[in-house]
Amino acid sequence: SDTSVNKHLLADENNMPTNASELVQRCRNAYESGKTKSVAFREKQLKQLLKMYKENELEFIAALASDLRKSKNEAFLSEMNILVSDVVNTLHYLKKWTSPEKVEKGLANLLDDVLIYKDPYGVVLVVGAWNYPAQLCLLPVSGAIAAGNCVVIKPSEVSVATAKLIGELIPKYLDQECYCVYQGGVTETTELLKQRFDYIFYTGSTAVGKIVRSAANEHLTPVTLELGGKSPVFIDKTANLEITVKRVLWGKFLNAGQTCIAPDYVLCSQEVQTQFVEKAKEIMSQWYGSDPKNAPDYCRIVSEKHLQRLKSLLNSGKVAIGGNDDPSEKYLAPTILIDVSPNDPIMREEIFGPILPIVTVQKSFDAIGFINSRPKPLSLYVFSSDKKVQELFLTQTHSGAVCINDTLMHYTIDTLPFGGVGASGIGCYHGKYTFDTFSYRKSVLVKNFNPLGEMIGSARYPPLTDKKTSL
Ligand code: NAD
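Residues numbered from 1 in each chain as written. Predicted model: local features only at pLDDT ≥ 70, side-chain atom pairs only at ≥ 80, totals over all residues.

(A) Structural view of the overall build of the chain. Tallying secondary structure elements over the chain gives 17 helices and 20 strands in all. Over its C-alpha atoms the chain spans a radius of gyration of 25 Å, differing by no more than 12% from the 23 Å that the globule rule assigns to 471 residues. On the principal axes, the C-alpha backbone points of the chain span a range of 80 × 60 × 35 Å. Here the chain holds 471 residues, and the buried ones make up 44% of them. (Helix = DSSP H or I, 4+ residues; strand = E, 2+ residues; numbered from the N terminus. Rg over C-alpha atoms; globule rule 2.2 N^0.38 Å. Buried ≥ 20, exposed ≤ 12 C-beta atoms within 10 Å, placed from the backbone.)

Structure (structure tokens):
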């Protein structure tokens, strides 16, 4: 395949082993040399990563345009700016995060040091998805470097141009022994997953997440799984309709719906459905003009296969807006389907494209029941001015995150952990959580030989008495 050819070309160019086991062994040797233990070394690598983003902005923009026809501004907004601020933030806190943490202690340990050391895991694998091919593949890498790991990066083979660019740039900027890129598709990833890693960070579908977790079990390797699912939106009549429609459509049509936390479907009353569609027509024509195909800020579907899959979902409900496509451009119009039934095909899988189905429900309780009868979503969106309704969703449903009266924006707050629960994932990252993900928190107790401490602790020695063991 083309990707295999690319893999060999890139690997030979940089004098890297093309074989998964040799590549991982090379990283392991580098890890065991102790190079990455030095915080100064990590800092230097992070600065190089930042330099890589800054010096190759145009190259990244071009690769993202080639893979998904992302516009320059959308590429900055949803990929490059996020990567840059993350490295800047990581560099800022590096010393603090890597320092041992003192924890609270009781009287018995008054004279001791009670600490948490942040150990790197060792050699970690980061597997990326194609929808935000730069961001999702590289965002975990800064935390992995900061925590002192060696990293094998496996970009998605579907986003060919970005994968190629990452493969070319990483060896140019980062230490080649500690950080490397392994290219390829299912065959190559399967080979990679047979190797022993100390941590695996995977972003992609729930189905493949299960494969990754079983492979990790073989070596008892801990995993973070950033998966997908259907993220619901509930709208009630107390929501400001104009703002609601804008925020829902923006979250849905960004990257042509190929966003893991994109609002997947809407639950609302018949009345709200009618008003939503009316407003949506107005707003979509303001944003995209009369033909969204010509709008500069509207992406394309990543592949012919995905376009076909999405088209097969258009039979559910009735098309209220859009529905047309152009296979020659991998274009699918931003589409809204109304009166969709909960059992329609579009409600049985994650849509991952620019189609928004609306399912009508009577009340917020019905929406909650609907959501709770399905796998736990990655994100849940609630549009309501009623505090009681907000609280009801917050306390009576389970999801990776809840965002009230907006979509996607919780993702941009790096003091919030980002991740799923149940079928939508295991573990989390962003900001310090990325560093924590890639650090093993080692408990440390340091005692001394102070006679007072010995006296306090001597109650444990035999012969034991009731007096010695009573609290
Ligand atoms: P995918 O699971 O098909 O592919 C992701 C990665 O897994 C790729 O690198 C691919 O090479 C590898 N892979 C694919 N099949 C494999 C197999 N059989 N064995 C081993 N490795 C394999 O996912 P995708 O199509 O790239 O992404 C879409 C999914 O990812 C959606 O479900 C979406 O919601 C989810 N996603 C989640 C997040 C998140 O942060 N939670 C972000 C983006 C995408």
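(B) The pairing of strand β4 (residues 150-154), seen in detail. Of all the five residues making up β4, five are buried; the element is thus mostly covered by neighbouring parts of the structure. Residues Cys150, Val152 and Lys154 line one face of β4 and the alternating positions Val151 and Ile153 line the opposite face, and both faces are buried. With helix α6 (residues 135-146) bridging strand β3 (residues 123-127) and the parallel β4, this β-α-β connection has right-handed handedness. Across three bridges, the pairing between β4 and strand β5 (residues 179-181) is parallel. When the bridges of β5 are listed, valine 151 appears paired with tyrosine 179. Taking the sense of rotation as the criterion, the β-α-β connection linking β4, helix α7 (residues 160-173) and β5 turns out right-handed. (Right-handed = clockwise from strand over helix to strand, strands pointing away. Pairing = 2+ DSSP bridges.)

(C) Up close: the site of the ligand. Taken together, 28 residues form the shell around the ligand, and within it Thr189, Gly204, Val208, Gly228 and Cys260 come nearest. For the shell around the ligand, the elements supplying multiple residues, two or more each, are α8 (186-193) and α9 (206-217). For the shell around the ligand, the element with the most residues is α8, which contributes three residues. (Near = placed C-beta within 6 Å.)

(D) Just the sheet that holds strand β13 (residues 335-338), in detail. Taken in spatial order, the seven strands make up an open sheet running β10-β13-β14-β9-β8-β15-β16, and their pairing is mixed. Edge positions in the open sheet fall to β10 (318-321) and β16 (401-404), since each of these has one partner strand only. When the angles between neighbouring strand axes are averaged without regard to direction, this sheet yields 25°. Of the pairings in the sheet, the one linking β13 to strand β14 (residues 355-360) comprises three bridges and is parallel in character. Across the sheet, threonine 335 pairs through a bridge with isoleucine 355, a residue of β14. Contacts from helix α10 (residues 241-253) reach β8 (231-235), β9 (263-268), β14 and β15 (379-383) within the one sheet, and its direction differs from that of β9 by about 150°. (Axes fitted to C-alpha atoms, helices over the stretch in contact; angles between N-to-C directions. Contact = placed C-beta atoms within 7 Å.)

(E) View of helix α11 (residues 270-288). Spanning 19 residues, α11 covers 26 Å between terminal C-alpha atoms, matching the ideal 27 Å at 1.5 Å per step. Summarising the contacts, the buried residues of α11 are in contact with β8, α10, β9, β10, β13 and β14. With its phi angle positive at about 75°, glycine 289 sits one or two positions after the end of α11. (Expected span 1.5 Å × (residues − 1).)

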